[in-house]
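Topology and contacts: notes
This is what each chain is made of:
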Amino acid sequence: QVQLVESGGGLVQAGGSLRLSCAASGRTFSHYAMGWFRQAPGKEREFVAGISGRGGTAYYADSVKGRFTISRDNAKNTVYLQMNSLKPEDADNYYCAARDSIRVGTDTHEYNYWGQGTQVSVSS
């Protein structure tokens, strides 16, 4: 079992930056690929970024490529999402997820554990 706790959300102006963090507890962190997803009310949860267990491979949604960066520190059991050049359409509830595989997944059904989410708001 893996427990995930997100932090770092908040309100930022368009063009600004935020860094989300997700702290994991439980089993060996490097055995899990990690992902960030986001969801607006009434909409499906969508993939934002994912990173492999050892951090060598990362994937991004087209909408965030070049603006967001996912990284992980396996010594600290933490995964990060650096979000730059934020746009109003990036405003959502952001969720951290862990997958029972070292390989990155891009669909919600590929992930086994989820955090409670952290809200990101972007003012125009």
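Read on for an overview of the structure. (Residues numbered from 1 in each chain as written. Predicted model: local features only at pLDDT ≥ 70, side-chain atom pairs only at ≥ 80, totals over all residues. Heavy atoms only, no water.)

**Considering the overall build of the chain**
- When helices and strands are tallied, the chain shows zero helices and eleven strands.
- Listed by position from the N terminus, the elements making up the chain come as β-β-β-β-β-β-β-β-β-β-β.
- Over its C-alpha atoms the chain spans a radius of gyration of 13 Å, differing by no more than 12% from the 14 Å that the globule rule assigns to 124 residues.
- With respect to the principal axes defined by its C-alpha atoms, the chain has extents near 40 × 30 × 25 Å.
- Counting only contacts in the chain whose residues sit at least 6 apart along the sequence, the fraction spanning at least 24 positions is 59%.
- With the model as given, the accessible surface of the chain reaches about 6400 Å², and the carbon-plus-sulfur share is 43%.
- Here the chain carries 13 positive and 11 negative side-chain charges, and the mean point of each set is 6 Å from the other. (Helix = DSSP H or I, 4+ residues; strand = E, 2+ residues; numbered from the N terminus. Rg over C-alpha atoms; globule rule 2.2 N^0.38 Å. Contact = heavy atoms within 4.5 Å. Areas by Shrake-Rupley, 256 points an atom, 1.4 Å probe, with all protein chains shown as cover. Lys, Arg positive; Asp, Glu negative; His and termini not counted. Charge placed at Lys NZ, Arg CZ, Asp CG, Glu CD.)

**Some details on the pattern of salt bridges**
- Under the definition given, this model contains six salt bridges.
- Its salt-bridge partner being aspartate 90, residue arginine 38 comes within 3.0 Å of it at the nearest N-O pair. Separated by 52 residues along the polypeptide, arginine 38 in strand β4 (residues 33–39) and aspartate 90 in the loop between β8 (78–83) and β9 (92–99) bring together distant segments of the chain.
- We note a salt bridge from glutamate 110 to arginine 99, for which the minimum N-O separation is 3.5 Å. Residue glutamate 110 is found in the loop between β9 and β10 (113–114), and its partner arginine 99 is found in strand β9; the two are separated by eleven residues along the sequence.
- Residue arginine 99 is classed as buried on the basis of its relative accessible area of 17%. (Salt bridge = Lys/Arg side-chain N within 4 Å of Asp/Glu carboxyl O. Buried < 20%, exposed > 50% of the residue type's maximum accessible area, 1.4 Å probe, protein only.)

**Here's the deal with the packing of aromatic side chains**
- Applying the stated criterion across every chain yields a total of five aromatic pairs.
- Taken together, the aromatic side chains of Phe37, Phe47, Tyr111 and Trp114 make up a single cluster linked through ring pairs. (Phe/Tyr/Trp six-rings, centres within 6.5 Å; stacked < 30°, edge-to-face > 60°.)

**Quick word on the nonpolar core**
- Counting 33 residues, the largest nonpolar core has Leu4, Met34, Trp36, Val79, Leu81, Met83 and Tyr94 as the members making the most contacts within it.
- Dropping the residues within four chain positions of it, methionine 83 is found in contact with Gly16, Ser17, Leu18, Leu20, Arg67, Phe68, Tyr94 and Val120. (Core = buried A, V, L, I, M, F, W, Y, C linked by side-chain atoms within 4.5 Å.)

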